[in-house]
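One-letter residues, chain by chain:
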Amino acid sequence: MSVIYIKGGIVVDPTQGIDGEIMDIFVKDGKIVEESGAGKADTVIDAKGMTVVAGGIDIHAHIAGPKINAGRAMRPEDMKYARNKSGPLRCAMGRVLMTCPAIGYEYARMGYTTAIEPATPALYAIHTHEELDSIPMVDKAVLPLFGNWHLTFKFAAEGDIEKMKAFIAWAIERSKGFGVKVVNPGGVEAWKYGRNVHSLDERIPGFEATPAEVLSTLIKASIELNLPHKVHVHCNNLGVPGSAETTAETIKLAEKIGASKDGRESLHITHIQFNAYTGEKWRDMGSGAEELSKLVNRTPVTVDMGQPIFGHTTTMTADGPFEFALHKLFKSKWINKDVEIETGGGIVPITYRAKSPVNAVQWATGLEFGLLVDADKVVISTDYPNGGPFVEYPYIMTLLMSRKFREKEIEEKGVNSYIEKATSLPSLDVERTFYEIVKMTRSTPAKILGLENKGTLKVGADADITIYPFDCRNVSPEDYEVLLKGLRSVAYTIKDGEIVVKDGEIAKEVWGRTFWVNAVKGATQEIIEEDLNEVFRYYTVSRGNYGVREEWIRRPETIAIEE
Amino acid sequence: MIRDIVCTFCGNACDDIEFEGDYGRNLCPIGEAKFAKKERIKAPMVDGKEVSYEEAIERAAEILKEAKRPLLFGWSSTVNEAIRLGVLLAEKVGGIYDQCSSVCHAPTTLAMIEEGIVGGTLGQAKNRADVVVFWGCNPVEAHPRHPTRYSVMAKGFLTRSRAERRVVVVDVRKTPTAYLATDFYMVEPGSDFMVFTALRSIVNGHEEAVPEEVGGLTKNELKSLAEILLKARYGLIFFGLGVTHSRGHERNVEAVIKLVQDLNRKTRFILQPMRGHFNVVGSGEVAAWEAGFEYAIDFSRGYARFSPGEFTAVEALIRGDCDAAMIVASDPAAHFPKKAVESLKEIPVIQIDPHPNLTTKLADVVIPTAIVGIEAEGTIYRMDGVPLRVKKIRESDYPSDVEILEKILEKVIS
């Protein structure tokens, strides 16, 4: 490993309160070190006039596993776009959906160094890890799905936190996962009966539990287990008018339970934009972002945006009934997968059109959250690929930083004027500072994930660094074109202390780590033995073959939770 | 005793096999044959002469490097780790990656590209389905433990026994599976598209559009079948090569996918292709995440192009587009059309396989390997995509597919 001096850059690091100071950063053996401990430099980067920040973190992107791969197979029309020809690097394919090499290369070229795959059926965890292992350049982790597992329903109905803790620890260990993902709790099970659940207090078909009980027990168990990342939820009633109300109720559940032991938030509402519509029908749908943002700002809850990008993409989610609704709405091709007694999922192509009033409201709603929620509580995301490609993050950052750019986009793209009535976006004069954008892409996601060595340039942190080719102190919202260009063309990306991108091009292919959380010491495993054996009578794989062993993963890194 | 062994023959990938020495439990007759000791390729060969592994690997790498557009075919009977190396190798040498699906369930992939697919894991057959349809497939002979483990006699949590399942077989002849059925419908060969379409009409309330007889079934028979489907609480259609390889091909599959889409507007229904080899699903999935497509992939321009009928093995060979071939864990000489095999005879062929077969006879380089799931471990995907880890249960002196392919790749890149 080499020593790198990054000399004279303009440093922005919210974790240390540094906002645009000229500083030197020293990197040795993959870590950020003191000048005195660095030794002789192998490489000196002259960062004069450039901005130095920590590597970006994507908290929610469907980058690996059976869903995105089924999407690839169904959409050769999207995959035929070649991003990179085979040479010293791999051939990289795909426009919105991408192959594994393309995903890794594009993150690195954008200055991102960590990405979280937020939904895998634990049954398919082996597959998901195989794909994560094929993604170069970034560190990664995966969240297994809990919200429609029969055992979750059982322990939720019994209100048995101890068993839920043991079950979470068992499932995360078996899937080599990072935390608890919940998608439309109860709704995916109901879909197996051709139905959905529509409120938090509705009984889940075949069980005694309600979605509210599922969420509450999972949140409490995650807090007690001290998981680094708490419950990550895709709320009930996603994507329909009136969903804002369900989201507010979900947030209030977390408010009632309170914050984590370490003071951090206890619930992450993902792609909140898709769950934030008011109204009763599509004809009167509007944005609930203003109210929800206020609620998020005062409760122990964090969010990511789920910003739609105008153009075509492919939706994919464990929310099976929602994908069926999309299929009926658009008459488009549709993949569905009902997964044993634990979860399900669906895939449907979609196009976001600026001229459609509904899509315009979605676009505006996402931006409202990006502008109105505290920068310590909101993360930039497109819910890749549901809202659009993650390569558009620089575009989202620029929209959040420049009102003029927003106005230009509304004008040039012909965004439906219904947003004036249904959202507050046109009247919002908030412009995010670069410091806030760094929070929303670095320190905030790192904090939510509990990854202490990420999203920061503190001594001892992982040397994951982005160097932008502009001086962040001199860019004004007026010059949005300069800003957009600068954010899109990274001068350097450094991953674990190695220069992996130079002047926007991949300089070296590297392989990141896969983080997983071992919390089995935090709960008595024996108490769920009988329940597990009972449930495996209804699986089609034996218990002995369920799960992933650490040695099957390319570069695993365990985060062990002590009692 | 070794437990939880995954059988590496058919798409069932039964994972409850137990071995005590050489005695295996829970195996079906095909599985027993798979695990029985069989003739092996004794040593690596180049031009019919026994050579060392190093020499064989050297020659294989040379052939691939010298070729303008080699065909890399097979893959469905090896592990994902080997398949991944195969895709990388095809990319690096600018060749064609194709796998057994192209002569099997490729019409299913093509139909899926048009319509998607409404699917689920085999657990849905076991636990939920109260109506199970086998259409143009014959699991009793091709996937012997399918009925007991998953689809007919399995004890699930909602559907608890055979008595609670209505089992329907639709086929062109009374197959052994038909004897398990509650209802059997005999259709005329090549009429599947019409029968699916007639059923769609009835399901969607357009009964009047259906003629008195379609594909050998009377209108009353069609109505009774549609009623069985509609009355299901949760239904499941398994379909096989009878649908994909009769007149209509992918259009048949599209029609049954649309039927299932329609049925989901009335009740719940899913569809599952009866995939053949134990890892034919993996040979498509790995290619999709590495290169973007499942089969028929050409890398001759440095990036991946997908074109069934152009870059599928049989057609590429018949046109004489490939000037070398590497066959891994497959036997195209026994299964491809005569013209394609003749073309294969004209070009240098590398074979990587544990067992001698017809392809061995025309191969210029033969590299014997360990049998995956018996002598080598790795990941495979069952017919419903569920990933399983196959085990090494016997020691062997043969290197694994992965070891051989790693070495060839190394030589090709250097």
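Residues numbered from 1 in each chain as written. Chains lettered and ligands numbered in written order. Predicted model: local features only at pLDDT ≥ 70, side-chain atom pairs only at ≥ 80, totals over all residues. Heavy atoms only, no water.

Q: Explain the overall build of chain A to me, please; I cannot follow it from the model alone.
A: Check the secondary structure of chain A and you find 18 helices and 26 strands. Computed over its C-alpha atoms, the radius of gyration of chain A comes to 22 Å, within 12% of the 24 Å expected for a compact globule of 563 residues. Expressed as lengths along the three principal axes of its C-alpha atoms, the size of chain A is roughly 65 × 55 × 45 Å. The buried share of chain A, reckoned over its 563 residues, is 69%. Taking as baseline every contact in chain A between residues at least 6 positions apart, the subset at least 24 positions apart corresponds to 78%. As displayed, chain A offers around 17,700 Å² of accessible surface, 48% of which is attributable to carbon and sulfur atoms. Charge centroids of chain A, computed over 66 positive and 78 negative side chains, lie 4 Å from each other. (Helix = DSSP H or I, 4+ residues; strand = E, 2+ residues; numbered from the N terminus. Rg over C-alpha atoms; globule rule 2.2 N^0.38 Å. Buried < 20%, exposed > 50% of the residue type's maximum accessible area, 1.4 Å probe, protein only. Contact = heavy atoms within 4.5 Å. Areas by Shrake-Rupley, 256 points an atom, 1.4 Å probe, with all protein chains shown as cover. Lys, Arg positive; Asp, Glu negative; His and termini not counted. Charge placed at Lys NZ, Arg CZ, Asp CG, Glu CD.)

Q: Please explain the packing of aromatic side chains as it appears in this structure.
A: Aromatic rings considered in pairs are described by the distance between their centres and by the relative angle of their planes. Enumeration according to the criterion identifies 34 aromatic pairs over all chains in this entry. Seen from their ring centres, Trp 135 of chain B and Phe 196 of chain B are 4.2 Å apart, and the 35° between their planes marks the pair as tilted. Of this pair, Trp 135 of chain B sits in strand S9 (residues 131-135) while Phe 196 of chain B sits in helix H8 (residues 192-203), and the two are 61 residues apart along the sequence. Grouped by ring-pair contacts, the aromatic residues Phe 146, Trp 149, Phe 155, Phe 167, Trp 170, Phe 536, Tyr 539 and Tyr 546 of chain A constitute a single cluster. Taking the ring centre of Tyr 193 of chain A as reference, the NZ or CZ of Arg 128 of chain B above it sits at 5.1 Å. Arg 268 of chain B extends its terminal NZ or CZ atom over the ring of Trp 191 of chain A, reaching a point 4.0 Å from the ring centre. (Phe/Tyr/Trp six-rings, centres within 6.5 Å; stacked < 30°, edge-to-face > 60°. Lys NZ or Arg CZ within 6 Å of the ring centre and 35° of its normal.)

Q: How do you make sense of the side chain of Glu 18 of chain B when you look at a structure like this?
A: All names here are of chain B. With respect to the element layout, Glu 18 can be found in strand S2 (residues 17-20). For Glu 18, the side chain forms a polar contact with the side chain of Arg 3, separated by 3.3 Å. If we ignore the near neighbours within four places in the chain, the residues touching Glu 18 are Met 1, Ile 2, Arg 3, Ile 5, Tyr 23, Gly 24 and Arg 25. (Polar contact = N/O pair within 3.5 Å; in protein donor to acceptor, adjacent residues only side chain to side chain.)

Q: Help me understand the sheet that holds strand S12 (residues 231-234) of chain A in this model?
A: Consider a sheet: its strands pair through backbone hydrogen bonds, and that pairing is either parallel or antiparallel. All names here are of chain A. The strand order across the open sheet formed by five strands is S11-S12-S13-S16-S20, and the pairing between neighbours is parallel. Edge positions in the sheet fall to strand S11 (181-183) and strand S20 (378-379), since each has one partner strand and no second. Of the pairings in the sheet, the one linking strand S13 (residues 267-269) to strand S16 (residues 301-304) comprises three bridges and is parallel in character. Across the sheet, residue Ile 269 finds its bridge partner in S16, namely Val 303. (Pairing = 2+ DSSP bridges.)

Q: How should I be thinking about the interface of chain B and chain A in this particular structure?
A: Much of the literature gives interface size as the accessible area that the parts lose upon coming together. Each side of the interface is counted separately: chain B has 63 residues, and chain A has 55 residues. Counting across the interface, chain B meets chain A through four salt bridges. Remark: the boundary between chain B and chain A carries 43 residue pairs in polar contact (both at pLDDT 80 or more). The element that contributes the greatest number of residues to the side of chain B that touches chain A is helix H3 (residues 80-93) of chain B, accounting for six residues. Looking at the side of chain B that touches chain A residue by residue, the class counts come to 24 nonpolar, 15 polar and 24 charged. (Salt bridge = Lys/Arg side-chain N within 4 Å of Asp/Glu carboxyl O. Nonpolar A, V, L, I, M, F, W, Y, C, P; charged D, E, K, R; others polar.)

Q: Which parts of the structure should I look at to understand the side chain of Thr 314 of chain A?
A: By the element assignment, Thr 314 of chain A lies in strand S17 (residues 311-317). Excluding anything up to four places from it in sequence, Thr 314 of chain A contacts Arg 75, Leu 97, Ile 347, Val 348, Pro 349, Pro 385 and Asn 386 of chain A.

Q: Just checking my understanding: could you explain the pairing of S2 of chain B for this structure?
A: A regular strand places its side chains so that they alternate between the two faces of the sheet. Residues and elements named next belong to chain B. Examined bridge by bridge, strand S1 (residues 2-5) and S2 share two bridges and lie antiparallel to one another. Residue pairing in the sheet places Ile 5 in a bridge with Ile 17 of S2. As judged from the three bridges shared by S2 and strand S3 (residues 23-25), these two strands associate in the antiparallel manner. Paired with Phe 19 across the bridge in S3 is Gly 24.

Q: Is there a simple way to explain helix H18 (residues 529-536) of chain A in this structure?
A: Along an α-helix, residues three or four apart share an orientation, since each turn contains 3.6 residues. Residues and elements named next belong to chain A. Among all positions of H18, only Asp 531, Leu 532, Val 535 and Phe 536 are buried. All buried residues of H18 fall inside an arc of 130° around its axis, so they share one side. Where the residues of H18 are buried, they touch helix H5 (150-158) and helix H6 (161-175). (Arc of directions from axis to C-beta.)

Q: What is the right way to read the pairing of strand S10 (residues 139-144) of chain A from this model?
A: All names here are of chain A. With six of six residues buried, S10 lies mostly within the body of the structure. Of the two faces of S10, the one holding Asp 139, Ala 141 and Leu 143 and the one holding Lys 140, Val 142 and Pro 144 are both buried throughout. Sheet analysis places strand S9 (residues 112-120) next to S10, joined by five bridges and oriented parallel. Of the residues in S10, the one forming a bridge with Ile 116 is Ala 141.

Q: In this structure, what is going on with the domain arrangement of chain B? I would like to understand it.
A: Residues and elements named next belong to chain B. Considered domain by domain, chain B is made up of domain 1 (40-103 + 278-390 + 397-413) and domain 2 (106-273). One C-alpha centre belongs to domain 1, the other to domain 2; they are set 34 Å apart. Taken residue by residue, the interface counts eleven residues in domain 1 and 13 residues in domain 2. At the boundary of domain 1 with domain 2, total buried surface from both sides reaches about 910 Å², with 62% on carbon and sulfur atoms. Counting every contact that joins domain 1 to domain 2 gives zero salt bridges. At the surface where domain 1 touches domain 2, the tally comes to five residue pairs in polar contact (both at pLDDT 80 or more). Residue composition of the side of domain 1 that touches domain 2, by class: six nonpolar, two polar and three charged. (Domains from an automatic or database assignment. Buried area = accessible area lost by both parts, 1.4 Å probe.)

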